[in-house]
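Topology and contacts: notes
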Amino acid sequence: MRKTLIPLLALLSLVLPVPSTAQPTGAVVSGQARFQVLSPTLVRTEYAGDGGFENAPTYNVVNRSLPRTAYRSRVQDGWLVITTSALTLRYRVGSGPFRADNLELRTRDTTASPWRRVVCATGQLCEAEDQQREGMLVATEHAGYTGAGFVAGFSATGNGITATVNATSAGRHRVVVRYANGQGGDGKHENRTLSLGVDGRARQITVPATADWRDWKLVETEVDLTAGEHRVTLVKSAADSGNVNVDSLALLTADQAFPGTPQRAVDDCRFGTTCEAENGALTGATTIADDHAGFAGTGFVAELVGGTRLSHRITGVPAAGTYPVTLRYANGVGGDGKHEPRTVLLNGQAITVPETADWTTWATTTVQLPLPAGTSDLVVTCPSGGCHVNLDTIGVNSGQQHLALGGYRRSLDGYTGTSGDPRLFPGLLYRDGWYLLDDTVSALYNGTTATPRPDRGARPYQDGYVFGYGQDVKAALGDLARLTGGPKLLPQWAYGVWYSEYIDRTAADYRDRVLPAFREHGVPLDVLVVDTDFKARNTWNGWQFDTAKFPDPQGFLDWAHREGLHTTLNIHPSIQGSDPAFAKAQGIAHGKLARGSCDDCYVFDWGDPDQLRAYLELHRGLPTDFWWLDWCCDGSSSSLRGVTPDSWINEQYAKLGGFAFSRGFGSLQAGGYSGSGPLPTGPWAEKRTTLHFTGDTSSTWGALKGTIGYTSAEAASTGMSAISHDIGGHNDTTGLRGSETYLDNGQVRYTTKLPDDLYARWVQLGAFQPITRLHSNHSDRLPWQYGPAAQASATKFLNLRERLVPYLYTLAEQANRTGVPVVRPAYLDYPSSPEAYSTVDSQFLLGPDVLVAPITTPGEVGSTRVWFPPGRWTDYFTGQVYQGNSWATVSAGWDSMPVFLRAGGMLVERSEGSSDALTVHVTAGARADFTLYEDGGRTRLTQRDGILVVQQAKAAERDWTIVVHRADGSSRVVHAGRRVVVDLR
């Protein structure tokens, strides 16, 4: 009896929750694994090989104190099973760090392996892109790499990769790195250095120059290791020169050659899940690519040819038998010029793969395949003539596809709208309803200071949040907001009309010409953006006002405030050595400011406290309401590990000016001016502080159309709600002469302008975006600079935008609380409707009650195909009523656009000619509720049986006008005055 009891007690000790005094609420501990149930759809998964679980907040995850959630936990057949009302999480007791075969998520419709862990045993190929990265992207622009790409740059302090290796025996080993070292971004082509560490002990290694970036060489160093797992790091420290690309590495014994792709270290593909084809072991001439949109994961295996072998290790097959295997593929015109059904061999069994329309059209095919019990290899090969298909995923007893909804990038800089859509990177939401937010590398955070996580030596550590939301995507966004912080609520004035233009203007220009023209033409203005030419000494990166243009900077700000305006100043983050403020800045930085790549300029490392302080101090003499950080080109960076650089500097700007106005989610070093790639630290902190400036796009119909889908895509994938595009685009493509002149190197030049139809339609779209910011590069954006019809249209819609501010401010406050963004794709509110997914690039919702379908084609009258979600919808401008679950082609001239109100919703506007009185749009006979948010309190409006009840905030009593929209398309206006109960019948 005793022999049985002791092992049983030991097993129970692995899985029973420890006392609440030691662990957070909702925690279940199983050996070195801990699970915290944070909501029905969110579970924290943490593995600490040293037993040191982390309870402190991180820079991403600032709150784990979510409402208590009911759950059950038990041990069944050696698995710890945690069940909530929405998901089940299973972990194999005592199986070590999380990986594909020991942690399983189940929701109502999906089974998935959230964690993927690649461990490189002695002699295996460790692809750099599979390893944990800090501050760098995976790139593909230089030929000769293996796998999906290489890790590029090592240009900023702290950039690095961490690989987990497994020494199969104790003794002397070689760590061998495959790299390229061509001419760097600093203009040098020379031997470089990096720091190579093992279990926290680092040494500097020399990385010899190679002929160019396509010339891949090996460099190695010897280490003594015990048998078992170790952590190998390759980092650019402050003492290293960096500027190399790394393709792969390997842990080898004295006589082992550097491995090839057949020896690539991979994680398993668990039975019952769908796995990415590119994560298997691949041999032959076939490569991994990402040049055709619509794939799952990070890419696909491209055009399988003869001699190709793709192998996945399948685990967890419950019994020998025949099981469905699903391939997701594309079959366009092959390299052999043929477009026809192809043959693929699956474990030697021939299957026919039908053709698809092209390479961006993905399809699935399912076959029955015999599999042995337990673990075995699933091998894809081709006939000698090749398969000529692209392979995206392999599902074993699973047909679910992990396809991203929406996506984000640092900016849309350089987007023309004429050469395809910009590549977006996945965030929170997926069609199969789950996501892992890997927070392992995120720094600890106390609200002020970010501290890199402690080094745990060879002990494994993982920290991630498993979202299992199914189709309840709003629950996922709510979980994200509570966990990482809600999107920033900007001041109410920020939701009005902004005027911005890259052109040399003076205080007198704004005071005597620009603002009087706004007033004269009846165009509202709330925010005045002063671009870079206000600066003295150097108009790009000077740090004083040019007093010839702005003789009294504080007086200019005071004037703006008296006129009801707020201002922002454009900042480029570098400083000339000749700038009067340089000596003081270098002194505060203790001499650590380094030369940048521009002439006589110095850049900042915002991760260094002295340099950050020096940088922020430069802003003290520049009076403004907030700053526009235009980090497009200067070489400043952040070496702070565990924090996305954009997020870190944007937080500092938010402390200076209430919120940041900047690019986001990455860094200049990770992708450059038009770069896009995501960093491992993720986009999650950005929304707490930042109004996302999406960069410099071109002035084309394509760029206008691309804005529609991008705003809601970014909002849904990151929770970012405050997004600002250049209304009208930044880079001129028309050459049309505008109405103003300016000096360019002593020559008089004319501004440019948009065609009238493009201008009118872009302003219409801008009126319904999170932020309406007219902007250009020396190009006309003001209504009176266009023909009468375009002027009338722009004036009408900019005034409509101003009237919508109470509604927009309310939506922004809701977003801050709930995580559901102001501008959203229809699938947030209608997740079960296929049309909600297929229309994301042509229409969106502004809150739950307003459907917007912009016209994006030339001409005086345009049309667009509109899908109406369930319910009844009334055209805001014409009163025409459309039944839900239907399609219609809607046409409009420049004086109108397709905008529709949902029956049962309410739209609250400022009444025309008043800053305090409000107008409410309602639908006759509907039941409706709306709570208006204002700084002075909340006002609840309810409509029942034809009676509207207004429960006003005490500080917000005002006159009300009610517009009642009837089912026959007519409307009735009720002037309610200050009545709080209004009969609408």
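Quick caveat, the model's predicted, so the values are computed rather than measured. (Residues numbered from 1 in each chain as written. Predicted model: local features only at pLDDT ≥ 70, side-chain atom pairs only at ≥ 80, totals over all residues. Heavy atoms only, no water.)

**Digging into the overall build of the chain**
Put simply, the test is: Where helices and strands are cited, they refer to DSSP runs of H or I of at least four residues and of E of at least two residues respectively, numbered from the N terminus. Here the term buried applies to any residue with accessible area under 20% of the maximum for its type, exposed to any over 50%, and partly exposed to those in between, with areas from a 1.4 Å probe on protein chains only. Residue contacts are defined here by distance: any two heavy atoms, one from each residue, within 4.5 Å place the two residues in contact. For the purpose of charge, His is not counted, nor are the chain termini; Lys and Arg are scored as positive and Asp and Glu as negative. Just so you know, the charge point we use is NZ for Lys, CZ for Arg, CG for Asp and CD for Glu.
In terms of helices and strands, the chain carries 12 helices and 65 strands. When the backbone C-alpha atoms are referred to their principal axes, the chain occupies close to 85 × 70 × 70 Å. In the chain, buried positions account for 61% of the 985 residues. Counting contacts in the chain only where the partners sit at least 6 residues apart, residues at least 24 apart contribute 70% of the total. The chain carries 89 positive and 100 negative side-chain charges, and their two centres are separated by 6 Å.

**Describing the pairing of strand β16 (residues 192–198)**
So the rule is basically this: Here the rule is simple: two strands pair whenever DSSP picks up at least two bridges between them.
With seven of its seven residues buried, β16 lies for the most part within the structure. Across seven bridges, the pairing between β16 and strand β17 (residues 201–207) is antiparallel. Pairing of Ser 195 across the sheet is with Gln 204, part of β17. Count of turn residues in the β16/β17 antiparallel hairpin: two residues, of which Asp 199 carries a positive phi of about 55 degrees. The sheet contact formed by β16 and strand β19 (residues 228–235) spans four bridges and is antiparallel. By the bridge assignment, Leu 196 is partnered in β19 with Leu 234.

**Here's the deal with the packing of helix α10 (residues 788–803) against helix α11 (residues 805–818)**
Inclusion rule: Axis angles are defined between N-to-C directions and span 0 to 180 degrees, where every axis is a line fitted to C-alpha atoms and, for a helix, only to the segment in contact. Should an angle fall under 35 degrees it is called roughly parallel, over 145 degrees roughly antiparallel, and 65 to 115 degrees roughly perpendicular, with every other angle called oblique.
For the pair α10 and α11, interaxial distance at closest approach is 5 Å and the crossing angle is 50 degrees. With respect to their mutual orientation, α10 and α11 come out oblique. Of the residues in α11, those touching α10 at Arg 801, Glu 802 and Arg 803 are Val 805, Pro 806 and Leu 808.

**Comments concerning the packing of aromatic side chains**
Convention followed: Under the pairing criterion, centres of Phe, Tyr and Trp rings, with the six-membered ring standing for Trp, must be within 6.5 Å; the plane angle then separates stacked pairs below 30 degrees from edge-to-face pairs above 60, leaving the rest tilted.
Applying the stated criterion across every chain yields a total of 47 aromatic pairs. Ring centres 5.5 Å apart and planes at 50 degrees place the aromatic pair Phe 797 and Phe 877 in the tilted group. Taken together, the residues Phe 797 in helix α10 and Phe 877 in the loop between β54 (872–875) and β55 (881–883) connect sequence positions 80 residues apart. You can call Phe 797 buried: its relative accessible area is 0%. Relative accessible area serves as the criterion here: at 23%, Phe 877 is assigned to the partly exposed category.

**Section: helix α7 (residues 645–657)**
Here is the rule we go by: Multiply 1.5 Å by the residue count of a helix minus one, and that product is the helix's expected span.
With 13 residues, α7 should cover 18 Å at 1.5 Å per step; its first-to-last C-alpha distance of 19 Å lies within 8% of that length. In terms of burial, α7 is largely enclosed, as 11 of its 13 residues are buried. Along α7, the residues classified as buried are Pro 645, Asp 646, Ser 647, Trp 648, Ile 649, Asn 650, Glu 651, Gln 652, Tyr 653, Ala 654 and Gly 657. Where α7 ends, the next residue or the one after it, Gly 658, has phi of about 90 degrees, a positive value.

**So, the state of the cysteines**
Definition in use: Whenever a pair of cysteine sulfur atoms sits within 2.5 Å, that pair is classed as a disulfide.
Enumeration over the complete set of coordinates arrives at five disulfides. Residue Cys 382 pairs covalently with Cys 387 via a disulfide, S to S 1.9 Å. For the disulfide bridge between Cys 382 and Cys 387, the dihedral angle about the S-S bond is near -120 degrees, and by the sign convention the bridge is left-handed. When its relative accessible area of 11% is taken as the criterion, Cys 382 is described as buried. Between the sulfur atoms of Cys 632 and its disulfide partner Cys 633 the distance amounts to 2.2 Å. Since a negative S-S torsion denotes a left-handed disulfide, the Cys 632-Cys 633 link at about -100 degrees is left-handed. We classify Cys 633 as partly exposed; its relative accessible area is 44%. With its disulfide-bonded cysteines labelled consecutively along the sequence, the chain is connected as 1-2, 3-4, 5-6, 7-8, 9-10.

**Some details on the pattern of salt bridges**
The test is simple: In what follows, salt bridge is the name for a side-chain nitrogen of Lys or Arg lying within 4 Å of a carboxyl oxygen of Asp or Glu.
Taken as a whole and judged by the stated rule, the model has 60 salt bridges. One salt bridge in this structure joins Arg 231 and Asp 455, with 2.4 Å as the shortest N-O distance. Of this pair, Arg 231 sits in strand β19 while Asp 455 is found in the loop between β35 (450–451) and β36 (461–468), placing the two residues 224 residues apart along the sequence. Connected through salt bridges with shared partners, the residues Arg 34, Arg 44, Glu 46, Asp 439, Arg 453 and Asp 463 form a single ionic network.

**Some details on the side chain of Gln 843**
Defined as follows: Pairs of N or O atoms within 3.5 Å make up the polar contacts considered here, provided that, within protein, one atom can donate a hydrogen while the other can accept it, and that residues adjacent in sequence are counted only when both atoms are side-chain atoms.
Turning to its location among the elements, Gln 843 is positioned in the loop between α12 (834–838) and β51 (844–846). Looking at Gln 843, the relative accessible area reads 2%, which means it is buried. Engagement of the side chain of Gln 843 in a polar contact is seen with the backbone oxygen of Trp 867, the distance being 2.8 Å.

**Thoughts on the pairing of strand β20 (residues 245–252)**
Within β20, eight of the eight residues are buried, leaving the element largely enclosed by the surrounding structure. Bridge count between strand β15 (residues 171–180) and β20: seven bridges; the pairing is antiparallel. Of the residues in β20, the one forming a bridge with Val 175 is Leu 251.

**Observations concerning the confidence of the model for the chain**
Using the following cut-off: Every residue is assigned a pLDDT by the predictor, reflecting its confidence on a scale from 0 to 100.
Per-residue confidence for the chain gives a mean pLDDT of 94; residues scoring 70 or more make up 97%. pLDDT under 50 marks residues 1–22. Its contacts with residues more than four places away, or in other chains, come to 16 contacts.

**Examining the sheet that holds strand β37 (residues 497–500)**
Across the sheet, which stays open at both edges, the eight strands sit in the order β46-β45-β44-β43-β39-β38-β37-β49 with parallel pairing between neighbours. Of all the strands in the sheet, just β46 (723–724) and β49 (772–774) have a single pairing partner and so form its edges. Strand direction decides the pairing type here: strand β38 (residues 527–530) and strand β39 (residues 566–571), joined by four bridges, are parallel. Residue pairing in the sheet places Val 530 in a bridge with Leu 569 of β39.

**Quick notes on the side chain of Asp 413**
Position of Asp 413 relative to the elements: it lies in the loop between β32 (390–396) and β33 (434–438). For Asp 413, a relative accessible area of 3% puts it in the buried group. Separated by 2.5 Å, the side chains of Asp 413 and Ser 411 make a polar contact. Within the structure, the side chain of Asp 413 is placed 2.6 Å from the backbone nitrogen of Asp 696, a separation counted as a polar contact. Setting aside anything within four residues of it in sequence, one finds Asp 413 in contact with Arg 663, Tyr 673, Ser 674, Thr 694, Gly 695 and Asp 696.

**A look at unusual backbone geometry**
Phi at Phe 154 is positive, roughly 45 degrees, even though this residue is not glycine. Topologically, Phe 154 is positioned in the loop between β13 (150–151) and β14 (160–167). On the accessibility criterion, Phe 154 (0% relative accessible area) is buried.

**Description of the sheet that holds strand β3 (residues 42–48)**
The strand order across the open sheet formed by five strands is β1-β2-β3-β36-β33, and the pairing between neighbours is antiparallel. Of all the strands in the sheet, just β1 (27–30) and β33 have a single pairing partner and so form its edges. Going from strand to strand, the sheet's axes swing by 20 degrees on average, the running direction of each strand aside. As defined by bridge partners, strand β2 (residues 33–39) adjoins β3 across six bridges and the pair is classed as antiparallel. Considered in β3, the bridge of Arg 34 is made with Glu 46. Contacting β2, β3, β33 and β36, helix α2 (residues 473–484) crosses the sheet at an angle of about 145 degrees to β36.

**A word on the nonpolar core**
The test is simple: Think of a nonpolar core as a cluster: buried Ala, Val, Leu, Ile, Met, Phe, Trp, Tyr and Cys residues, connected wherever their side-chain atoms sit within 4.5 Å.
The biggest cluster of nonpolar side chains holds 132 residues, and the ones touching the most others in it are Tyr 615, Phe 768, Leu 846 and Ile 962. Not counting the four nearest positions on each side in its chain, Phe 768 is found in contact with Phe 797, Leu 800, Arg 801, Leu 804, Val 823, Phe 844, Leu 846, Val 852, Met 897 and Val 899. Among the nonpolar cores identified, the runner-up in size contains 38 residues, and Tyr 430, Phe 467, Leu 477 and Phe 900 belong to it.

**Brief notes about α2**
Helix length check: α2, at 12 residues, gives a terminal C-alpha distance of 16 Å against a target of 16 Å (1.5 Å per residue), a fit within 8%. Across the 12 residues that make up α2, a large majority, 10, are buried. Buried within α2 we find Val 473, Ala 475, Ala 476, Leu 477, Gly 478, Asp 479, Leu 480, Ala 481, Leu 483 and Thr 484. Taken from the residues just after α2, Gly 485 is the one with a positive phi, measuring 100 degrees.

**Side note on the environment of Leu 932**
For Leu 932, the location among the structural elements is in strand β60 (residues 928–934). Distance in space between the C-alpha atoms of Leu 932 and Pro 806 is 7.4 Å, their sequence separation being 126 residues. Apart from residues no more than four positions distant in its own chain, Leu 932 is found in contact with Pro 806, Thr 810, Val 908, Leu 918, Gly 937, Arg 938, Thr 939, Leu 941, Arg 958 and Trp 960.

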